[in-house]
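Spelled out, the chains give:
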Amino acid sequence: MGRLLVTNFMALQAENSESLMVNVKSNPVAAAKLIDHLARCQQQKGSLSFLENSKIPFEIQRSYWLYDVPGGSNRGGHAFKKQKEIVISLSGSFDIIVRDDKNKYTYNLNRSYFGLFVPNGFWREMTNFSSNSCALILSSTLFDEEDYIRDFSKYCDWRKKNEMRHLLKNER
């Protein structure tokens, strides 16, 4: 399992703003990517970060946030068939484990100007929440319980079935 601390990959995007660059070749679940579209404008009065629909790979249909997560608790533990997400740590820190049926990778989010894009079809868990952490999740779909896969063995079966469909479709 790999682990990536996002603060090690900062690069200046423009004066008074920062972005994130990451080498996804070392990431076995490379479809999940740290995104560099969260501008960070720093001033003496405080910092401002923002995200625009035109800068992300989907139109935001829903947003929700997690907070007051008790120490030692995990969130997530599911995959989405259709929903794509961007996860941002607005406060504190937490880890996101993204995996498929073979590979697993852990991202640590600890800055409000970093985000993690999690595409559909990947299992994700959120762990190691610090005190007073707040996670903002931007979703490509409205809530639909039918979109969730909450059992990992069923997820692995679903993934294999969909990989086979994809292979057969590409052979035609």
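These numbers come from a predicted model, not from an experiment. (Residues numbered from 1 in each chain as written. Predicted model: local features only at pLDDT ≥ 70, side-chain atom pairs only at ≥ 80, totals over all residues. Heavy atoms only, no water.)

Looking at chain direction, strand E5 (residues 39–43) and strand E6 (residues 46–50) are connected through five bridges and run antiparallel. Residue pairing in the sheet places Arg40 in a bridge with Ser49 of E6. The turn linking E5 back onto E6 is made up of two residues. (Pairing = 2+ DSSP bridges. Helix = DSSP H or I, 4+ residues; strand = E, 2+ residues; numbered from the N terminus.)

On to the nonpolar core. Formed by 19 residues in total, the largest nonpolar core has its most connected members in Phe94, Ile96, Val98, Leu116 and Met126. Where this core is concerned, the elements lending two or more residues are strand E7 (62–67), strand E10 (94–99), strand E11 (104–109), strand E12 (115–118) and strand E14 (134–139). Counting nine residues, the second largest nonpolar core, distinct from the first, contains Ile35, Leu38, Ile56 and Phe117. (Core = buried A, V, L, I, M, F, W, Y, C linked by side-chain atoms within 4.5 Å. Buried < 20%, exposed > 50% of the residue type's maximum accessible area, 1.4 Å probe, protein only.)

Positive phi outside glycine occurs at Asp68, with the angle close to 55°. Within the fold, Asp68 resides in the loop between E7 and strand E8 (75–80). The class of Asp68 is exposed, set by a relative accessible area of 64%. With a phi angle near 60°, Asn132 is a residue other than glycine that sits in the positive phi range.

Once that is clear, we can look at the sheet that holds strand E9 (residues 85–91). Spatially, E4-E12-E9-E14-E7 is the arrangement adopted by the five strands of the open sheet, whose pairing is antiparallel. The two strands at the open ends of the sheet, each matched to only one other strand, are strand E4 (33–35) and E7. Across the sheet, the axes of successive neighbouring strands diverge by a mean angle of 25°, strand direction being ignored. Pairing of E7 with E14 involves six bridges; the strand directions are antiparallel. Along E14, the bridge assignment pairs Trp65 with Leu136. (Axes fitted to C-alpha atoms, helices over the stretch in contact; angles between N-to-C directions.)

Taken as a whole and assessed by the stated rule, the structure comprises ten aromatic pairs. Ring geometry for Tyr113 versus Phe114: centroids 4.9 Å apart, planes at 65°, classification edge-to-face. Exposure remark for Phe114: the relative accessible area of 0% places this residue in the buried category. Through pairs of rings, three or more aromatic residues link up here, namely Trp123, Phe152, Tyr155 and Trp158. Geometry around Phe122 places Arg159 over its ring, the cationic atom sitting 4.6 Å from the centre. (Phe/Tyr/Trp six-rings, centres within 6.5 Å; stacked < 30°, edge-to-face > 60°. Lys NZ or Arg CZ within 6 Å of the ring centre and 35° of its normal.)

Before going further, it helps to spend a moment on the pattern of salt bridges. Counted by the stated rule, this structure contains five salt bridges. Close ionic contact of Arg159 with Asp100 constitutes a salt bridge, the shortest N to O distance being 4.0 Å. A residue pair is termed long-range when its members are at least 10 positions apart, and Arg159 in helix H1 (residues 152–171) and Asp100 in the loop between E10 and E11 qualify at 59 residues. Arg159 serves as the salt-bridge partner of Asp101, at 3.6 Å between the closest nitrogen and oxygen. Highlighted residues: Asp101 in the loop between E10 and E11 and Arg159 in helix H1, separated in sequence by 58 residues. Across this residue pair, the class does not change: Asp101 and Arg159 are buried. Connected through salt bridges with shared partners, the residues Asp100, Asp101, Lys102 and Arg159 form a single ionic network. (Salt bridge = Lys/Arg side-chain N within 4 Å of Asp/Glu carboxyl O.)

This is a description of form; function is not addressed.
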